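Descriptive structure summary
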Amino acid sequence: MSFASFSEFIAMGTHGPYVWSCYAITLAVLALNVALPVLARRRYLQDEARRLRREENK
């Protein structure tokens, strides 16, 4: 794999859009696999704290 210039590397012949879109989709899925559980945990902890405060005030 050798390219004469950086623009040829980006274009990858005629396969550039396919290759780079695959990389983008993969990175997006990996980011969601990290972000969604973190957000769900944060939401769970907030809900539990709210529930405990409500029970203490009864």
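Source: prediction; values computed, not measured. (Residues numbered from 1 in each chain as written. Predicted model: local features only at pLDDT ≥ 70, side-chain atom pairs only at ≥ 80, totals over all residues. Heavy atoms only, no water.)

All right, on to the overall build of the chain then. Looking only at helices and strands, the chain has two helices and zero strands in total. The C-alpha atoms of the chain give 23 Å as radius of gyration, which overshoots the globular expectation for 58 residues (10 Å, by more than 25%). With the C-alpha coordinates of the chain rotated into their principal frame, the extents come out at 75 × 15 × 15 Å. Of the roughly 5,300 Å² of accessible surface on the chain, 65% is carried by carbon and sulfur atoms. (Helix = DSSP H or I, 4+ residues; strand = E, 2+ residues; numbered from the N terminus. Rg over C-alpha atoms; globule rule 2.2 N^0.38 Å. Areas by Shrake-Rupley, 256 points an atom, 1.4 Å probe, with all protein chains shown as cover.)

There is a patch of nonpolar side chains on the surface, built from F6, I10, W20 and Y23 and spanning about 440 Å² of accessible area. Since its relative accessible area comes to 59%, F6 is described here as exposed. (Patch = residues over 30% accessible without salt bridge, like charges linked within 9 Å, V, L, I, M, F, W, Y side chains within 5 Å. Salt bridge = Lys/Arg side-chain N within 4 Å of Asp/Glu carboxyl O. Buried < 20%, exposed > 50% of the residue type's maximum accessible area, 1.4 Å probe, protein only.)

Bringing the UniProt feature "transmembrane region" (unreviewed entry) in the chain into the picture now. Here, UniProt's "transmembrane region" (unreviewed entry) annotation points to residues 18–40. Helix makes up 100% of residues 18–40 and strand 0%, whereas the separation of the span's terminal C-alpha atoms amounts to 33 Å. (UniProt positions renumbered as here; feature names shortened; annotations may be inferred.)

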